[in-house]
Amino acid sequence: MRLVNIAYVDDGEVLARPLVSPNGRVLLQAGVKLTRSYIDKLSSLGFDTMFIIDDDFQDVEIYSAVSTRTREIAYDSIKNLSKNINESQPHVVNLHEIQKAVQDIISDLLYSKDMLGNVIDIQGYDDYTFHHSLNTTIIALIMAISMGWPNTKLLELGMGVLMHDVGKIKVPPEILNKRGPLTPEEFEEHSCSSQK
């Protein structure tokens, strides 16, 4: 199997790994023969890479450092946290849920055959912030594990990194996604929104 940019995927090639939506739904199973309409639709959904079966690389195995189930739990925990903050219900924040998700990530990394294998999640761009938060958490934890940090410090680091973008929820999308510098008014709105 090989990882291919979607621009170079040809009609008739076969998926080596399932493609999963941000909410965990399998869009296409491994073994599906890709058609031009599938490729175009996946591109419109924001997928930019996928694993393709390739006989020249049939003996290459790519391990996933963090299981799909662990990723789903982490996405759910950060989405629940974000939802509660967005609905101005910070008292409903379940830090135990975040802590459990981070501990699961740490366990997956510590027991992985290849800790660096397939670190970055291959998903569409929907819910980009959630994917970015999880990928950043995994990378930070890999670095900390390689430096020999104890589990308590790994847990603190993982929780902090997983939640590092939660404040963005209160920032209006037109400010958050603006290209170029913010005006003083936009910067004030950004600062006030992040502190709410």
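Counting of residues starts from 1 at the beginning of each chain's written sequence and follows it residue by residue. Restriction of local features to residues with pLDDT of at least 70 applies here, the model being predicted, together with a cutoff of 80 or more for giving and counting side-chain atom pairs; totals for whole chains, interfaces and linings are based on all residues. Side-chain metrics rest on all non-hydrogen atoms present in the structure, leaving aside hydrogens and water.

### What about the pairing of strand 4 (residues 49-52)?
Exposure is judged per residue with a 1.4 Å probe applied to protein chains only, and the accessible area is read against the type maximum: over 50% gives exposed, under 20% gives buried, and values in between give partly exposed. Put simply, DSSP H or I for four residues or longer makes a helix, DSSP E for two residues or longer makes a strand, and each gets a number counted from the N terminus. Of the two faces of strand 4, the one holding T49 and F51 and the one holding M50 and I52 are both buried throughout. The pairing of strand 1 (residues 2-5) with strand 4 spans 4 bridges and is classified as antiparallel. Looking at strand 4, one finds that L3 is bridged to F51. At least two bridges found by DSSP between two strands are what make those strands a pair.

### A short note on the confidence of the model for the protein chain
Confidence scores here are pLDDT values: one per residue, from the predictor, ranging 0 to 100. On average, residues of the protein chain score 78 in pLDDT, and 79% of them reach the 70 mark or higher. Here helix 7 (residues 184-195) is the element of the protein chain with the lowest mean pLDDT, 67, and helix 5 (residues 151-162) is the one with the highest, 93. In this description, contact between two residues means that some pair of their heavy atoms is separated by no more than 4.5 Å. Low pLDDT, under 50, characterises residues 121-126; the predicted model gives this stretch 24 contacts beyond four residues in sequence or across chains.

### Observations regarding helix 5
To estimate the expected span of a helix, count its residues, drop one, and scale the result by 1.5 Å. Look at helix 5: 16 Å from first C-alpha to last across 12 residues, which is about the 16 Å you get at 1.5 Å a residue. Buried within helix 5 we find L154, L155, G158, M159, V161 and L162. Each buried residue of helix 5 sits inside an arc of 170° when the element is viewed along its axis, so together they form one side. Every exposed residue of helix 5 that faces more than 90 degrees away from the buried side is listed here: T152 and E156. The arc in question is the one spanned by the directions pointing from the helix axis to the C-beta atoms.

### Brief notes about the environment of S146
Along the chain, S146 turns up in helix 4 (residues 128-146). Given the relative accessible area of 55%, S146 is considered exposed. At 2.7 Å, the side chain of S146 and the backbone oxygen of M143 are in polar contact. For this analysis, a polar contact is any N or O atom pair within 3.5 Å, provided that within protein one partner can donate a hydrogen and the other can accept it, and provided that sequence-adjacent residues contribute only side-chain to side-chain pairs.

### Regarding the environment of D56
As for its position among the elements, D56 is in the loop between strand 4 and helix 2 (68-86). Of the residues examined, D56 reaches a relative accessible area of 67% and is grouped as exposed. Separated by 55 residues in sequence, D56 and M1 have C-alpha atoms that sit 8.1 Å apart.

### A closer look at the nonpolar core
To qualify as a nonpolar core, a set must consist of buried Ala, Val, Leu, Ile, Met, Phe, Trp, Tyr and Cys residues joined through side-chain atoms within 4.5 Å. I98, V102, I105, L109, L134 and I138 are the most contacted members of the largest nonpolar core, which has 23 residues in total. Secondary-structure elements contributing two or more residues to this core are helix 2, helix 3 (95-110), helix 4 and helix 5. Judged by nonpolar contacts, the second largest core, of 12 residues, contains V4, L34, L42 and I52.

### A word on the packing of helix 2 against helix 3
To describe two helices that pack against each other, one gives the angle between their axes and the distance between the axes. Axis definition: a line fitted to C-alpha atoms, limited for helices to the stretch in contact. Angles are taken between N-to-C directions and run from 0 to 180 degrees. Here helix 2 crosses helix 3 at 155°, and the two axes come no closer than 9 Å. One finds that helix 2 runs roughly antiparallel with respect to helix 3. Where helix 2 crosses over helix 3, the handedness of that crossing is left-handed. The residues of helix 3 that touch helix 2, namely those facing T70, I73, A74, D76, S77, I78, N80 and L81, are E97, I98, A101, D104, I105 and D108. Across the contact of helix 2 with helix 3, the residue classes tally to 7 nonpolar, 3 polar and 4 charged. An angle below 35 degrees is read as roughly parallel, one above 145 as roughly antiparallel, one from 65 to 115 as roughly perpendicular, and any other as oblique. Crossing handedness is read from the near helix: turned anticlockwise from the far helix by less than a right angle, it gives a left-handed crossing, and turned clockwise, a right-handed one. The nonpolar class holds Ala, Val, Leu, Ile, Met, Phe, Trp, Tyr, Cys and Pro. Asp, Glu, Lys and Arg form the charged class, and all remaining residues, Gly among them, are polar.

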